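So you can see what is in the structure, the chains are spelled out below.
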Amino acid sequence: MDFLSQYGLFLAKTLTLVVAIVVLLVVVAALSLRKQRQKGELTVTDLGKRLRGYGQRLKAELLDKKALKAEEKAAKKASDDGKPTLFVLDFHGSMDAHEVEALREEVTAVLAVAGAQDEVLLRLESPGGVVHGYGLAASQLARVRDAGVPLTVVVDKVAASGGYMMACVADRILAAPFAMLGSIGVIAGIPNLHKVLKKHDIDYEQHTAGKFKRTLSVLGENTEEGREKFVADLNVIHGHFRNHVSQFRPQLDVEQVATGEVWLGVDALEKGLIDDIATSDAYLTAKLGSHRILAVSYQLKRKLGEKLGLSLRAVLTRLGL
């Protein structure tokens, strides 16, 4: 029994230490992210050259010297001069959509040089997250359309909820057969510890100015009126989400798909959520002959606290927390 009590005390101390570290990292990250955006660096990669290089490397092993020499001669004559440009952006979205900070810089850079003959391809992967973050990300993509530059979104794995809020802005949406799309809905929930506090005779006071300044509370006693207001707010957001989808995909029967459900690519095509089945690899390969392909990426320079906070959030997101 003495061993069990000591072991239990050890576990309690360890758990307390772990929780304290997690809280400290979250606070540090929050304080860092509240500061003004850090400067970053724009990177441009000739993706077409890289992709063609793969084929040339294999040909070097497969062809005889005469045939290889002819291939190299033809490759030297080939040029991307005069071809329209396909600008490739990547968005791997997290729950808080902090990646929008880089996206806005990338879009600004591309629109400084892109014309109607060019195209923007966004390789999008996101299960969704906070409304305001993904709403801003969708607005960045709307800038591309408003500028008259064709916008294509390709989903290899998932574009759900806020991810689909972004995808539907595109002129064309492509997806892999087993990619997951949709989830046109809104969800929110918080734990309530009021009964636990009450059981231990702990009072909690909360004061607000404004009837619905706080609808649901973690520690206070929730009322039916507060719950109804909370649900009503979710329905308002859902309504705006549906209108957003209808604006950019008027051919879609929104009422049929705005149920919060998720569909695989093949079913999403049948529903009208996407325009064709294709992977990003297949799309890029198909554009090699007709376009110059440039990958554009903006990397933010973050401080140590921000890096720790973002790493922690990535772990929590993978754990589904």
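Model, not experiment: these values are computed from the prediction. (Residues numbered from 1 in each chain as written. Predicted model: local features only at pLDDT ≥ 70, side-chain atom pairs only at ≥ 80, totals over all residues. Heavy atoms only, no water.)

Undergrad: What should I look at first to understand the overall build of the protein chain in this one?
TA: Across its full length, the protein chain holds 12 helices and 10 strands. Split into buried and exposed, the 321 residues of the protein chain put 36% on the buried side. Put simply, the protein chain shows about 19,800 Å² of open surface, and 58% of that area lies on carbon and sulfur atoms. (Helix = DSSP H or I, 4+ residues; strand = E, 2+ residues; numbered from the N terminus. Buried < 20%, exposed > 50% of the residue type's maximum accessible area, 1.4 Å probe, protein only. Areas by Shrake-Rupley, 256 points an atom, 1.4 Å probe, with all protein chains shown as cover.)

Undergrad: Would you explain the sheet that holds strand E9 (residues 276-277) in this entry?
TA: Backbone-to-backbone hydrogen bonds pair the strands of a sheet. The strands run either parallel or antiparallel. Strand order in the open sheet made by the 7 strands is E1-E10-E2-E3-E4-E6-E9, with mixed pairing throughout. Looking at which strands have only one partner, the edges of the open sheet turn out to be strand E1 (40-46) and E9. Pairing analysis gives 4 bridges linking strand E2 (residues 85-92) to strand E10 (residues 292-300), with the strands arranged parallel. Across the sheet, the residue bridging to Leu86 is Ile293, located in E10. (Pairing = 2+ DSSP bridges.)

Undergrad: I'm lost on the packing of aromatic side chains in this one. Help?
TA: Each pair of aromatic rings is reported with the distance of its centres and the angle of its planes. Applying the stated criterion across every chain yields a total of 1 aromatic pair. Ring geometry for Phe91 versus Tyr134: centroids 6.2 Å apart, planes at 75 degrees, classification edge-to-face. Residue Phe91 is located in strand E2, and its partner Tyr134 is located in helix H5 (residues 131-146); the two are separated by 43 residues in the primary sequence. Here Phe91 and Tyr134 have matching classes, each one buried. (Phe/Tyr/Trp six-rings, centres within 6.5 Å; stacked < 30°, edge-to-face > 60°.)

Undergrad: How should I be thinking about the nonpolar core in this particular structure?
TA: A general feature of soluble globular proteins is that nonpolar side chains tend to end up buried together. By size, the foremost hydrophobic cluster in this structure holds 49 residues, and its most contacted members are Tyr164, Met166 and Leu273. A total of 6 residues in this core trace back to one element, the largest contributor, which is H5. Both of domain 1 (41-183 + 261-312) and domain 2 (187-260) provide at least three residues apiece to this core. Leave out the neighbours within four places in its chain, and Met166 touches Phe91, Leu103, Leu122, Leu124, Tyr134, Ala137, Ala138 and Leu141. Counting residues in hydrophobic clusters, the runner-up holds 12 residues, among them Leu86, Val88, Ala278 and Leu288. (Core = buried A, V, L, I, M, F, W, Y, C linked by side-chain atoms within 4.5 Å. Domains from an automatic or database assignment. Contact = heavy atoms within 4.5 Å.)

Undergrad: Sorry, what's going on with unusual backbone geometry here?
TA: Leaving glycine aside, a negative phi is the common case for residues, and trans is the common case for peptide bonds. In this structure, Ser183 is a non-glycine residue whose phi angle is positive, near 55 degrees. As for its placement among the helices and strands, Ser183 is situated in the loop between strand E7 (180-182) and helix H7 (194-199). Its identity is not glycine, yet Asp201 carries a phi of approximately 55 degrees, on the positive side.

Undergrad: Honestly, the pattern of salt bridges in this entry has me stumped. Any pointers?
TA: A side chain of one charge can pair with a side chain of the opposite charge when the charged atoms of the two come close. Throughout the structure, instances matching the rule amount to 10 salt bridges. Across the salt bridge formed by Arg104 and Glu101, the nearest N and O atoms sit 3.3 Å from each other. One end of the pair is Arg104 and the other is Glu101, both in helix H4 (residues 100-111) and 3 residues apart, which spans about a single turn. The partly exposed category is assigned to Arg104, whose relative accessible area is 25%. Arg227 serves as the salt-bridge partner of Glu224, at 3.5 Å between the closest nitrogen and oxygen. With Glu224 and Arg227 both in helix H8 (residues 224-248) and 3 residues apart, this pair spans about one turn of that helix. (Salt bridge = Lys/Arg side-chain N within 4 Å of Asp/Glu carboxyl O.)

Undergrad: Got a minute to help me understand the packing of H4 against H5 in this structure?
TA: Two measures define how a pair of helices packs: the angle their axes make with one another and the distance between the axes. Their axes nearest at 10 Å, the elements H4 and H5 cross at an angle of 5 degrees. The orientation of H4 with respect to H5, classified from their angle, is roughly parallel. Between H4 and H5, the contacting residues are Val100, Leu103, Arg104, Val107, Thr108 and Leu111 on the first element and Gly133, Leu136, Ala137, Gln140, Leu141, Arg143 and Val144 on the second. Partitioned by chemical class, the residues of the contact of H4 with H5 number 8 nonpolar, 3 polar and 2 charged. (Axes fitted to C-alpha atoms, helices over the stretch in contact; angles between N-to-C directions. Parallel < 35°, antiparallel > 145°, perpendicular 65-115°, else oblique. Nonpolar A, V, L, I, M, F, W, Y, C, P; charged D, E, K, R; others polar.)

Undergrad: Whenever I open this one, H4 confuses me. Can you help?
TA: In an α-helix, one turn spans 3.6 residues, which is why side chains three or four residues apart end up on the same side. Between its first and last C-alpha, H4 extends 16 Å over 12 residues, near the 16 Å set by a 1.5 Å rise per residue. Every buried residue belonging to H4 is among Val100, Glu101, Ala102, Leu103, Glu106, Val107 and Val110, and all of these are buried. Elements in contact with the buried residues of H4: E2, strand E3 (119-125), H5, helix H6 (162-167) and E10. (Expected span 1.5 Å × (residues − 1).)

Undergrad: Hey, could you run me through a nonpolar patch on the surface in this one?
TA: On the surface, Phe178, Met180, Val262, Leu264 and Val266 cluster together into a nonpolar patch covering about 450 Å² of accessible area. Along the chain, Met180 falls in strand E7. Residue Met180 is classed as partly exposed on the basis of its relative accessible area, which comes to 40%. (Patch = residues over 30% accessible without salt bridge, like charges linked within 9 Å, V, L, I, M, F, W, Y side chains within 5 Å.)

Undergrad: Please explain the pairing of E10 as it appears in this structure.
TA: Successive residues of a regular strand alternate their side chains across the two faces of the sheet. Pairing of E1 with E10, which is carried by 7 bridges, proceeds in the antiparallel orientation. By the bridge assignment for E10, Thr45 is matched with Ala295.

Undergrad: Can you walk me through the sheet that holds strand E8 (residues 262-264) in this structure?
TA: On the basis of which strands lie adjacent, the open sheet formed by 3 strands has the order E5-E7-E8 and mixed pairing. Whereas interior strands pair on both sides, the edge strands pair on one side only; in this sheet they are strand E5 (158-160) and E8. Adjacent strand axes in the sheet meet at a mean angle of 30 degrees when their direction is disregarded. The pairing of E5 with E7 spans 3 bridges and is parallel. The residue bridging Ala159 from the neighbouring strand is Leu181, located in E7.

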